[in-house]
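A structural walkthrough
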Amino acid sequence: MQPPELPEDKIGQVLPESLHCYFFFDGQRIDRIVKSENKSEISRAIRTLLSVEVLDRAINHLKEAQRSLNRELADIGDPETKRPVKEKESLMDEKAGLEARREEIIGEIKAYEEQKQKVTTQLRELDQVGQIQTRRDDLKQQAEEIQAQLERSEDKLRRTISARGYMVFLADAIAQFRNLANDLRQRGELPAGIKQQFVEDLLTEGSCICGTELKQGTKARRQVESWLDRSGIEQVEEAVIQMGGKVNSIERQIPEFWAEVEQEQASIENLRRHLLTLENQLDDIREQLKGNEDINVSGLEKRLEEIEDKIIDLHREDENVARDIEECEGEIVDLNQQIKEFKAKGKQQPLIQRQIKADDAIERITEVRSRVDQKFRVVLEQKVREIFRQVSFKTKVPKLTENYELVLIENLTDGESIVAPSTGENQILSLSFIGSIIERVRYWSQKHSLIWLDSSSFPIVMDSPFGTLDENYRRQIAKLIPTLADQLVVLATKTQWRGEVETEMEPYIGKKYVLVFNSAKPDCQPESIVLNGETYPLVRQSPNEFEWTEVVEVER
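Since the model is a prediction, treat every value here as computed from it, not as a measurement. (Residues numbered from 1 in each chain as written. Predicted model: local features only at pLDDT ≥ 70, side-chain atom pairs only at ≥ 80, totals over all residues. Heavy atoms only, no water.)

**Considering the overall build of the chain**
Per the secondary structure count, the chain includes 15 helices and 10 strands. Across the 556 residues in the chain, those meeting the buried criterion constitute 36%. Put simply, of all contacts in the chain between residues at least 6 apart along the chain, 69% involve residues at least 24 apart. (Helix = DSSP H or I, 4+ residues; strand = E, 2+ residues; numbered from the N terminus. Buried < 20%, exposed > 50% of the residue type's maximum accessible area, 1.4 Å probe, protein only. Contact = heavy atoms within 4.5 Å.)

**Brief notes about the pairing of strand β8 (residues 527-531)**
On a regular strand, one side chain projects to one face of the sheet and the next to the other, so that they alternate. Where β8 and strand β9 (residues 534-541) come together, 5 bridges link them in antiparallel fashion. Following the sheet pairing, E527 is matched in β9 by V539. Hairpin connection from β8 to β9: 2 residues lie between these consecutive antiparallel strands, with N532 at a positive phi of about 55 degrees. (Pairing = 2+ DSSP bridges.)

**Points about the packing of aromatic side chains**
Overall, the coordinates contain 1 aromatic pair when judged by the stated rule. Taking 5.4 Å as the distance between ring centres and 65 degrees as the angle between the ring planes, the aromatic pair formed by F257 and W258 counts as edge-to-face. (Phe/Tyr/Trp six-rings, centres within 6.5 Å; stacked < 30°, edge-to-face > 60°.)

**With respect to the side chain of K95**
Within the secondary structure, K95 sits in helix α5 (residues 79-125). Judged by relative accessible area, which is 18%, K95 ranks as buried. Filtering out sequence-adjacent residues up to four positions away, K95 remains in contact with I325, C328, E329 and I332.

**A look at the sheet that holds strand β10 (residues 548-553)**
On the basis of which strands lie adjacent, the open sheet formed by 4 strands has the order β8-β9-β7-β10 and mixed pairing. Looking at which strands have only one partner, the edges of the open sheet turn out to be β8 and β10. Pairs of neighbouring strands in the sheet enclose a mean axial angle of 25 degrees, with direction left out of account. (Axes fitted to C-alpha atoms, helices over the stretch in contact; angles between N-to-C directions.)

**Re the environment of D283**
Secondary-structure assignment places D283 in helix α10 (residues 234-290). Separated by 147 residues in the primary sequence, D283 and R136 place their C-alpha atoms 9.6 Å from one another.

**Describing the nonpolar core**
What tends to happen in soluble globular proteins is that the nonpolar side chains get buried as a cluster. In terms of nonpolar packing, the biggest core is built from 40 residues, with L380 and I477 touching the most fellow members. Among the elements that take part in this core, helix α13 (residues 423-447) stands out by supplying 7 residues, more than any other. Membership of the second largest hydrophobic core comes to 21 residues, among which are I132, L157, V247 and L271. (Core = buried A, V, L, I, M, F, W, Y, C linked by side-chain atoms within 4.5 Å.)

**What about a nonpolar patch on the surface?**
Residues V489, L491, Y513, L515 and V551 make up a contiguous nonpolar surface patch of roughly 440 Å² in combined accessible area. When contributions to the nonpolar patch are tallied by element, the ones reaching two or more residues are β6 (488-491) and β7 (513-519). Among the structural elements, Y513 can be located in strand β7. (Patch = residues over 30% accessible without salt bridge, like charges linked within 9 Å, V, L, I, M, F, W, Y side chains within 5 Å. Areas by Shrake-Rupley, 256 points an atom, 1.4 Å probe, with all protein chains shown as cover. Salt bridge = Lys/Arg side-chain N within 4 Å of Asp/Glu carboxyl O.)

**A closer look at the pairing of β9**
Pairing geometry for β7 and β9, over 3 bridges, is parallel. Each bridged residue has a counterpart across the sheet, and for N518 the counterpart in β9 is R540.

**Side note on unusual backbone geometry**
Of note in the backbone geometry, N532 takes a positive phi value of approximately 55 degrees without being a glycine. On the secondary structure map, N532 appears in the loop between β8 and β9. The partly exposed category is assigned to N532, whose relative accessible area is 41%.

**Description of a negative patch on the surface**
A grouping of E94, D324, E326, E327, E331 and D334 is seen on the molecular surface, where their side chains present a negatively charged patch. Residue contributions to the negative patch peak at 5 residues, all from helix α11 (residues 295-341). Classification of E331 by relative accessible area gives partly exposed; the value is 41%. (Lys, Arg positive; Asp, Glu negative; His and termini not counted. Charge placed at Lys NZ, Arg CZ, Asp CG, Glu CD.)

**Some thoughts on the pattern of salt bridges**
Oppositely charged side chains can pair when the atoms bearing their charge come close. The tally for this structure, following the rule as stated, stands at 24 salt bridges. The shortest N-O distance in the salt bridge between K95 and E99 comes to 3.7 Å. Here K95 pairs with E99, and both are found in helix α5, just 4 residues apart, close to one helical turn. Given a relative accessible area of 29%, E99 falls into the partly exposed group.

**Description of the environment of L488**
Checked against the element boundaries, L488 lands in strand β6. You can call L488 partly exposed: its relative accessible area is 27%. Considered as a pair, L488 and I509 are 21 residues apart in the sequence and their alpha carbons are 9.3 Å apart. Ignoring anything within four residues of it in the chain, the contact list for L488 reads I460, M462, I481 and P482.

**Describing the confidence of the model for the chain**
Residues at a pLDDT of 70 or more form 72% of the chain, whose mean pLDDT is 76. Below a pLDDT of 50 lies the segment residues 449-453, which in the model reaches 16 contacts outside its immediate sequence neighbourhood of four places, other chains included. (pLDDT = per-residue confidence, 0-100.)

Here it is in structure tokens:
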């Protein structure tokens, strides 16, 4: 007789454990799915759905093969070949160490962020500092908004000075231009009067406008020729007119420029004063919390400050490590180019060719992985927004970050702003996210060979998906849920199934069951529900000392 299989093992053979929360989830805890602390689990789960882990393993295997080829080439190569190969090997070891350290840093940052969230939550929950904590949150938000305005004002001032600042240095050039123009006018060359071209035409034709012939050597011709020296030059006159207009425009813009600069500087100064006031108030609150007689409050506040300092230090270290990795990659690219250019003989040539192919394969697979992830994230965000709009009545829009963290944004006149979702919005956001993942994976499973599941492999079990939502949201979610998967199991309480939920979902129901709880309590209060005109018990007295739940099918 074979031992019975555990349900968890059987389910795990069909669906990896990391995906369980998306296909078997508790509606009372659904809003936790999109919380920031779960973003790494979300990213890991989606990579499993897309079978990107297969590509990760391929890249790792190729890197091992690459290192093996490097060692073999270093053993049999000539000194000219060995030098870049050994340098590359050393750089790859250095890069691997840096990448490992960066993963550690990311993990540490995540751990500290979680600690920060916990400490912040503890502080908020303490009655004696609740109002102070709320006030600090408001001040922090105001400070962030003022800082953003300050950065925009400083950027506007920089752009204004960059675009028009040169005009204030043109005073001497403008004065010199006006002096030259005045000299030309005083000499009678401006305005031109008789145009030089007109005089030249008279001489060419040999006849004056009065009819006198202008023969060579005659007095009449010499008199007309004398006008050549006194006639203005058209190009000079046109240039003076054009430049005069530009000079006048510049002179008009200079006061406007100074006015705009002074206005922006005044705005920047006001914003800085406001920001300084807010920061002083925040410092006062920090000191107030530190000096609180409650040792828990004081300790938590000090711990929060230590955590924030550590997070800042880790982010700085992460930037430095990322820069070092980039430098290593650049040097490795140069060394690969050197190795490719070697005119190797014998055993070296096949090794170099295999190494080049390994490098190319790693680059191509890495690019495929990046494109698969990026494309899926873009279409997933679009689907989340589509589902969210069907349920929500507000103009807020979901946004999916690169780490698969869902946030709500609101479009303002000065750009996007992240807003905190309400309890109902968090539940809708999570449900939209789950529905989008399932819908997109079903689509990808039919289009891409990377994915190992077909569209019939995605049933969902939902426990209390309606939570504490109001009537409108309950109705919209009841319309949405039947469209999420081909197979759907919904568990709902008697209260949740009432009215609008039953009305919207009834047409889609294939089978309906009642879970009857048999209670061993002697004073058990029986409870029942009416379905399809028949009364079914929900809670009833057990006939013995045992308690159990019985599944009863509802007659159609």
